[in-house]
Amino acid sequence: MPAHESNKTIFLEHPSGSKAQVSLFGATVTSWVADNVERIFVSKEAKLDGSKAIRGGIPICFPIFGTKEKIALPQHGFARNNYWEYLGIVSDNDEVVVRFGLKDTQIPQEARNAWPHSFRLTYTVSLSAKSIKTFFNLKNEDEDTFEFNTLLHTYFSVPDVTSSQVQGLASCEYVDKVKEGAKFTEQNENVTIAGEVDRVYKKVQDRLILKVGDGSRIQIEKSNLKDTVVWNPWIEKAKAMGDFGNEEYKNMICVEAGSVADWVVLAGGQTWTAGQTLTVA
Ligand code: TA6
C-alpha cells in the first residue's frame, strides 16, 4: 500500500522499496529510507507526543527563523509545532505523493495574534526510488503584503559527523552564530565538522552534496530558497538539549535549505512555492 495513516503518522512505501514517514505534527518527515538505509536523524529523546517540535527529521520553520524581537512566536515559528491536516495521496508508478495543509484558522489564537495574517500552506512530500521531495506552496490570503522566513531544518543521519563533508559552499558569505554573528567567506570546497557549527550561508547555489562519510552521497537541490544553514551542536549544546542525547551530535548533521537571511515578501492574494529534492547517489 503506497500510503497509510496510523497514530497521526503517514507511512509511505514506493514500489522500489524506499520508504518514508511523515508525522502530522509539524508535517515533519521523520524517516526516509533509500537503498535500505535510514537517511534522516531523529533523536532517541525526541518528544513525539505533540508537546514540542520533533528533535530531528525535516521540521518546517515558518513564518520566522530563529526568534524575532517584534514577533512573539517560539523559535523557528509555529509550523513545526502544530498539527497539520492530511490532504491525501496521489500515487503513480514513479512517485508516491502525499499532501498536508495548514491554515491560519488551525493555529492557536496566541500565534495568530503574534503573526496576524491569513495564509494557507500546502506541503507536498514526494517519494521515489532514490529521492524525496519536500515542497510547500504558500498563499497570502490577506489583501495586504506580508513577509516571512522559511527553512527546511533537515537532520541527516551520519555514522560519524567528523567524517562528513558538505560540498558546494566555497566563496559563500556566512554568518557564524558560534562567533557572535561575525561574517566570513567560506574558503573550503568541503565544509567539515570538528566542533560546534552554526552558520547561515547566504546566496548559496541550488545544488549541494552531503558526503555522508560512509562512501554515500546525498544531493541536496533547493528550489526558490536562497540560503543554507549548517548546524551541529557538538558536545556542550548537545548536553544542553533535553530532547537530544549527549552523544548524538556524533551521528547527525543539519544542512538546511531556506530563505532566512532576508524576509520573503508576498503580496496579498499571491502564492509562493519553494522546497528541496534529496537524492541518494
Ligand atoms: O538551524 C540551526 C539553529 O538555528 C541553531 O541555532 C539551533 O538553535 C537549532 O536551530 C535548533 O533549534 P531548536 O529551536 O530546534 O532547538
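All values reported here derive from a predicted model rather than from experimental measurement. (Residues numbered from 1 in each chain as written. Predicted model: local features only at pLDDT ≥ 70, side-chain atom pairs only at ≥ 80, totals over all residues. Heavy atoms only, no water.)

This paragraph deals with the UniProt feature "active site" (unreviewed entry) in the protein chain. Within this numbering scheme, the UniProt entry marks H153 and E256 as carrying the feature "active site" (unreviewed entry). The greatest C-alpha distance among the residues just named is 4.8 Å, despite their covering 104 residues of sequence, which places them together in space. Considering the arrangement of structural elements, one finds H153 in the loop between β11 (146–152) and β12 (155–157). On the basis of relative accessible area, H153 is assigned to the buried category, the value being 5%. Setting aside residues no more than four positions away along its own chain, H153 makes contact with G57, I58, P59, C61, H76, W231, C254 and E256. (UniProt positions renumbered as here; feature names shortened; annotations may be inferred. Helix = DSSP H or I, 4+ residues; strand = E, 2+ residues; numbered from the N terminus. Buried < 20%, exposed > 50% of the residue type's maximum accessible area, 1.4 Å probe, protein only. Contact = heavy atoms within 4.5 Å.)

This paragraph deals with the sheet that holds strand β19 (residues 217–223). If you walk across this open sheet you meet the nine strands as β7-β8-β9-β10-β22-β19-β18-β13-β16, and the pairing is antiparallel. A single partner strand is all that each edge strand has here, and the edge strands are β7 (85–91) and β16 (190–192). Direction aside, the axes of adjacent strands within the sheet are offset by 20° on average. Here strand β18 (residues 207–211) runs beside β19; their pairing, made up of five bridges, is antiparallel. (Pairing = 2+ DSSP bridges. Axes fitted to C-alpha atoms, helices over the stretch in contact; angles between N-to-C directions.)

As annotated by UniProt and renumbered to match this structure, "binding site: substrate" (unreviewed entry) occupies R55, Q75 and R80. Annotated residues spanning 26 residues; largest pairwise C-alpha distance 13.2 Å, indicating a single compact cluster. Residue placement: Q75 occurs in the loop between β6 (60–61) and β7. Q75 sits in the partly exposed class, given a relative accessible area of 43%. Considering the arrangement of structural elements, one finds R80 in the loop between β6 and β7. Its relative accessible area of 14% is what places R80 among the buried residues.

Attention now goes to the pattern of salt bridges. Scanning the entire structure with this criterion turns up 14 salt bridges. Taking the shortest distance from any N to any O, the salt bridge between K239 and E236 comes out at 3.9 Å. With K239 and E236 both in helix α2 (residues 234–240), this residue pair falls three residues apart, about one helical turn. Several salt bridges converge on common partners, so that one network encompasses K52, R55 and D243. (Salt bridge = Lys/Arg side-chain N within 4 Å of Asp/Glu carboxyl O.)

Turning our eyes to something else, we now look at the site of the ligand. Around the ligand, the neighbouring residues are R55, F65, Q75, H76, R80, H153, K177, D198, V229, W231 and E256. Take R55: an N or O atom from its side chain is 2.9 Å from an oxygen atom of the ligand. Here an oxygen atom of the ligand sits 2.7 Å away from a polar atom, N or O, in the side chain of Q75. For the ligand, whose accessible area on its own is 390 Å², the fraction buried by protein is 85%. (Near = heavy atom within 4 Å. Polar contact = N/O pair within 3.5 Å; in protein donor to acceptor, adjacent residues only side chain to side chain. Areas by Shrake-Rupley, 256 points an atom, 1.4 Å probe, with all protein chains shown as cover.)

Counting buried positions along strand β20 (residues 227–232) gives six out of six residues, so the element sits mostly inside the fold. Residues D227, V229 and W231 line one face of β20 and the alternating positions T228, V230 and N232 line the opposite face, and both faces are buried. Here five bridges tie strand β17 (residues 197–201) to β20, and the two strands are oriented antiparallel to one another. Counterpart to D198 in the pairing with β20 is W231. Note: β20 against strand β21 (residues 252–266), five bridges, orientation antiparallel. If you follow W231 over to β21, its bridge partner there is C254.

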